[in-house]
Amino acid sequence: MRQPLVAGNWKMNGSKASAETLLAGIKEGMGGISKTEVLVCPPFPYLGLAVSALAGSRVAVGAQNACTEAGGAFTGEVSAAMVKDVGCIYVILGHSERRQYYGETDEIIAKKYAQALAAGLTPILCVGETLAERERGETQSVVARHLDGVMETAGIEAIARGVIAYEPVWAIGTGMTATPEQAQEVHAFLRQRVAAKSAEVAAGVRILYGGSMKPDNALELMSQADIDGGLIGGASLKASDFLAICRA
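The shown structure was predicted, so the numbers you read here are calculated from the model rather than taken from an experiment.

Each value, and the rule that gives it
Residues numbered from 1 in each chain as written. Predicted model: local features only at pLDDT ≥ 70, side-chain atom pairs only at ≥ 80, totals over all residues. Heavy atoms only, no water. Helix = DSSP H or I, 4+ residues; strand = E, 2+ residues; numbered from the N terminus. Buried < 20%, exposed > 50% of the residue type's maximum accessible area, 1.4 Å probe, protein only. Contact = heavy atoms within 4.5 Å. Salt bridge = Lys/Arg side-chain N within 4 Å of Asp/Glu carboxyl O. Phe/Tyr/Trp six-rings, centres within 6.5 Å; stacked < 30°, edge-to-face > 60°. Pairing = 2+ DSSP bridges. Right-handed = clockwise from strand over helix to strand, strands pointing away. Arc of directions from axis to C-beta. Polar contact = N/O pair within 3.5 Å; in protein donor to acceptor, adjacent residues only side chain to side chain.

Draft legend 1. Summary view of the overall build of the chain. The helix and strand tally for the chain stands at 12 helices and 8 strands. Taken along its principal axes, the extent of the C-alpha atoms in the chain is 45 × 45 × 35 Å. Going through the 248 residues of the chain one by one, you find that 52% of them count as buried. The contacts in the chain between residues at least 6 apart in sequence include a share of 72% that link residues at least 24 apart.

Following this line, the structure appears as C-alpha cells:
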C-alpha cells in the first residue's frame, strides 16, 4: 500500500514573518492527519526556520532545487548535501519552471537526481507537458522522455528511491486543472513505463499530481487508482487550504 504524500511547493513566495505564521498554522492543524505524509518545501533562506518550527511534528521539510555538483566553486548554487545537512528529507527536481526559465534539460535533471540520492535525499522528479504539446497529442512522449532521462541514467532502482510528480504545465497557476480521468490516464502511463523495467518498483513508487490541486478537487483527484498525493503550489501558501488537501 502506497502511503499518500502531499507536498507544498512554496516557490519564491513569503517572508520570514509569513513563513513563521504558515508553519505554525500547519503544525497546529495536523491533528487527525495520520495516513498522509506531509511535506513543505520553502525557499532556501527559510529551510532552517522550517526544520526548527516543525520539530516534533509529522511534517517533513524539503528543498525546491539542488545543484548538479557535490560542492566547489559554483557561486550561487546549493548542493544536495547542504540541503540534507540543514534537515531536509526531500528535494523537488525538474519542475517545469526550472525547465522553462532556466533551461534545465533532462541530462541536467538526471545529474541532480543522482546527487540527491548520493546525499541521502528523496528526490521528487517532475514531469509534464505544455498545452501546445498536449494539443499535438504529445503528452505521453513528453512525460516518457522526462522519466526516461532519469531511468536510463541512474537506473530503475533510482526511481524506487524517489517520487514522481506529474504536473501538466498548462494547469500550473492558470486555474485550469486536468480532469481526474485525464490525470489518471497519465499517471497510469507513467506507472506502466516504470513497470516495463520493474513491476515491483512500479507498484511501490508514488506518483503525485501537481496541477492546481485545491481543497475542492483534491478528493476526486486522489481517489484515482494511480494518484498517490499532490504537489501543491498556490494552495500550500494558506494553512487551511493545504491542511484540507492533506485531509482529503
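Draft legend 2. Looking closely at the environment of V194. When you line up the elements, V194 lands in helix α9 (residues 180–195). The buried category is assigned to V194, whose relative accessible area is 0%. Once residues lying within four places of it in the same chain are set aside, the contact partners of V194 are L147, M151, I156, I159, I164, V201 and A202.

Draft legend 3. A look at the environment of S15. Looking at the secondary structure, you find S15 in the loop between β1 (5–9) and α1 (16–28). Each C-alpha atom of the pair S15 and Y46 lies 8.4 Å from the other, and the pair is 31 residues apart in sequence.

Draft legend 4. Region of the structure containing the pattern of salt bridges. Under the defined criterion, the tally for this structure stands at 13 salt bridges. The partner of R99 in a salt bridge is D106, with the nearest N and O atoms 2.8 Å apart. The partner of E104 in a salt bridge is K112, with the nearest N and O atoms 2.6 Å apart. Given a relative accessible area of 5%, K112 falls into the buried group. Each member of the salt-bridge network shares a partner with another, and the members are R2, R191, D226 and D228.

Draft legend 5. Examining the packing of aromatic side chains more closely. Scanning the model with the defined rule gives 1 aromatic pair in all. Considering the side-chain rings of Y166 and Y209, the 6.2 Å spacing of their centres and the 55° angle between planes classify their relative orientation as tilted. In this pair, Y166 sits in strand β6 (residues 163–166) while Y209 sits in strand β7 (residues 207–209), placing the two residues 43 residues apart along the sequence. You can call Y166 buried: its relative accessible area is 0%.

Draft legend 6. Here's a closer look at the pairing of strand β4 (residues 90–93). Of the two faces of β4, the one holding Y90 and I92 and the one holding V91 and L93 are both buried throughout. Pairing between strand β3 (residues 59–63) and β4: 2 bridges, direction parallel. The partner of A63 across the bridge, within β4, is V91. The β-α-β motif built from β3, the intervening helix α3 (residues 80–85) and the parallel element β4 has right-handed crossover chirality. Summarising the sheet, β4 and strand β5 (residues 122–127) pair through 4 bridges and their orientation is parallel. Each bridged residue has a counterpart across the sheet, and for I92 the counterpart in β5 is I124.

Draft legend 7. Structural context of the side chain of N217. Secondary-structure assignment places N217 in helix α11 (residues 215–222). Excluding residues within four positions of it along the chain, N217 makes contact with T177 and S212.

Draft legend 8. Local environment of helix α12 (residues 239–247). Those residues of α12 not exposed but buried are A239, F242, L243, I245 and C246. Burial along α12 is one-sided: seen end-on, the buried residues are contained in an arc of 155°. Against β1, α1, β2 (37–41), α11 and β8 (229–232) lie the buried residues of α12.

Draft legend 9. Summary view of the side chain of R206. By the element assignment, R206 lies in the loop between α10 (199–204) and β7. Polar side-chain contacts of R206 include one of 3.1 Å to the backbone oxygen of Q3.

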